[in-house]
Amino acid sequence: MFNVLKQVAKRSISTIIAPAMLTVSSSAVADNSIAFNPELKGKEIFAHYSIDDDLPKLGISSLDMGDHLVELVSRTVQIADETRETSVYLVKSTDQKGNVDLRIKHDVSKLDKHFDAIAEIEQATRTQYRLRNWAQSYDPSSVRATELDNGDVTITFDYSKYGLPQDIAYFRFMKVEMLISDDEPKQMIISNRAPFKLNGYHIETYRQEISFAKLGTDKLILMEKRIDMEGRKGKKPVQIAESVVPVALYDDNGVNIIDEEHFSDASDPRLIEERVEVNRVFPLMGDMVARQGIDLPLPFGISIAYRDQNMTLPTNDFIIGGVRLNEFFDPEDTFAKVNAQSLTLRGDVNILPFWNVFGFVGKINVDANVDAGYTGAIGEELQDLLNDKLPGAGDFFCENLAAACTTGRLNVPLKLKYDLVGVGTTLSVGYKEFFASVTGTYATTRIEGGDRWGDGIITVQPMLGYQLVDYRTQLFVGAEYQGLKSRMQGTVITGDIEFDYDVGVDLNQWAALVGVNKQFGKNYQMSFLYNKGETRDSMTLNLGYRF
């Protein structure tokens, strides 16, 4: 059976979930007889003590520690008086093209029957896979070194709050202490500075201890990793203990069996083997951008948005039913007040880290009131016409219907409902706390019950923003362009009456914009926008779920 595992390794074996095994050539450990220079900063400290710059990754990912390996993961979860125990083997293999295959091998009798342990392990394994190529996971500015009297050295640092995606963002609360003895890492302890949420648990205390050992004469490996967490699930107290130990490591020189007993057990053909699907298509190039310290949201999203917009539009021309009425209604003394309330459902996907595309459907309710300045011209023409036919008749008409013969105001209320469909895209760039984006949409409407879609409307929103990293909150300012035409055209249907309208309006297509976006955990977010322009103002509330 050992040969079976060896053959599997040669064609690339498979899987892993929690930090496991790091191989570092002992030739990289240099003589450290030079006194410590307190002016050294960040990576310089790591280099001075000949510490591999990738070593901090062990706290969040083990898939970078070898192309082929087998690990044993044991986990105990105690919720109040209920105890859940799970034990599985994680196997990872890599082919010649660098494609990773991850598998979970387990004995059903060693899985807790009250919850889906495999699903929980798969979720954690996918996270480790996504982090396998991260260039830097710690904050260089936080690195400090202390030389002890016995010759040992302790190096402390914090994990970076920028380079961590939302699903493992809890690591921004972690502090690390590493012990260097005889010019080699011996131990790394990770603990939390503040409570955090993880997979439905509220974790109050977290401690991760990693011990290292030499494999043969030239390789440093992670010999054991243990995680202890205490907190709550709802109102119930929770204790979680997890242990990860290497079983076998495969390299060009063959197989290094670290634990003979577990290696034999992992070869048992009666174990159930499940493949972990880890490759995620979107966003393309996500790892590359994440390495620059840019926090990436999950690739897919669905959201619902409510917008309330008020517009005050001066008019300059009236055509109703094909007849120009400027003689009877003064365009310069007429304006329209429009309130439009819309509710839309949107789906989106991040094709690239900086490129999002989306589509939406919705409804718009328009409540408008045209306040027209009546010139009295209709009454005056009727007065002259009647007086010509029957002297005095026109004067009598105006005396009794004075409103028709004198200037005044006429209010025309309109209530309209529209269907809405549209598409859009967002391009964005960012660095550390700062970001910029531009969003463009194309939408079209049709009156409810009609069969003819109107001309499309283009909207553009350029924005600049600042991110409060620790609070997962973004603040932004910018502008909004609405490509409304200078003429409002359409058809009004009221009962059996139907007529076309064509009204010229004076409007400002640009408005200022301010807003805030708040993320709740890794899946939920809420944003609020406020627009203020010369001819319009609006408020938009958006609730979204990402996955």
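Residues numbered from 1 in each chain as written. Predicted model: local features only at pLDDT ≥ 70, side-chain atom pairs only at ≥ 80, totals over all residues. Heavy atoms only, no water.

Let us now look at the overall build of the protein chain. Along its length, the protein chain carries 8 helices and 27 strands. Across the 547 residues of the protein chain, 46% fall into the buried class. In the protein chain, of all internal contacts separated by at least 6 residues, the share reaching a separation of at least 24 is 62%. Put simply, the protein chain shows about 28,000 Å² of open surface, and 55% of that area lies on carbon and sulfur atoms. (Helix = DSSP H or I, 4+ residues; strand = E, 2+ residues; numbered from the N terminus. Buried < 20%, exposed > 50% of the residue type's maximum accessible area, 1.4 Å probe, protein only. Contact = heavy atoms within 4.5 Å. Areas by Shrake-Rupley, 256 points an atom, 1.4 Å probe, with all protein chains shown as cover.)

Considering every residue of the protein chain, the mean pLDDT works out to 78; 70% of them sit at 70 or more. Throughout residues 1-35 the model reports pLDDT below 50, and contacts reaching past four residues in sequence, or to other chains, amount to 120 contacts. (pLDDT = per-residue confidence, 0-100.)

With that settled, consider the pairing of strand S12 (residues 236-251). Of all 16 residues in S12, 12 are buried; the element is thus mostly enclosed. Sheet topology places strand S2 (residues 68-79) next to S12; 12 bridges connect them, and they run antiparallel. By the bridge assignment for S12, Thr76 is matched with Ala241. Examined bridge by bridge, strand S11 (residues 219-233) and S12 share 9 bridges and lie antiparallel to one another. Across the sheet, the residue bridging to Asp228 is Ala241, located in S12. Where S11 folds back on S12, the antiparallel hairpin that results is connected by 2 residues, among which Gly234 adopts a positive phi of roughly 70°. Looking at chain direction, S12 and strand S13 (residues 254-257) are connected through 4 bridges and run antiparallel. When the bridges of S13 are listed, Asp251 appears paired with Gly254. Between S12 and S13, which follow one another and run antiparallel, lie 2 residues. (Pairing = 2+ DSSP bridges.)

The next thing to look at is the side chain of Ser437. Its location among the elements puts Ser437 in strand S20 (residues 434-447). What makes Ser437 buried here is its relative accessible area of 12%. Apart from residues no more than four positions distant in its own chain, Ser437 is found in contact with Thr426, Leu427, Ser428, Gln461, Pro462 and Met463.

Right, let's talk about the packing of aromatic side chains for a bit. Taken as a whole and assessed by the stated rule, the structure comprises 9 aromatic pairs. Ring centres of Tyr481 and Trp510 lie 5.3 Å apart, and the angle between their planes is 50°; this geometry places the pair in the tilted category. On the criterion of sequence distance, the pair formed by Tyr481 in strand S22 (residues 473-482) and Trp510 in strand S25 (residues 510-520) is long-range, its members being 29 residues apart. You can call Trp510 partly exposed: its relative accessible area is 42%. An aromatic cluster is defined as three or more aromatic residues linked by ring pairs; in this entry it consists of Phe300, Tyr524, Tyr545 and Phe547. Lying over the aromatic face of Tyr201, Lys233 brings its terminal NZ or CZ to 4.9 Å of the ring centre. (Phe/Tyr/Trp six-rings, centres within 6.5 Å; stacked < 30°, edge-to-face > 60°. Lys NZ or Arg CZ within 6 Å of the ring centre and 35° of its normal.)

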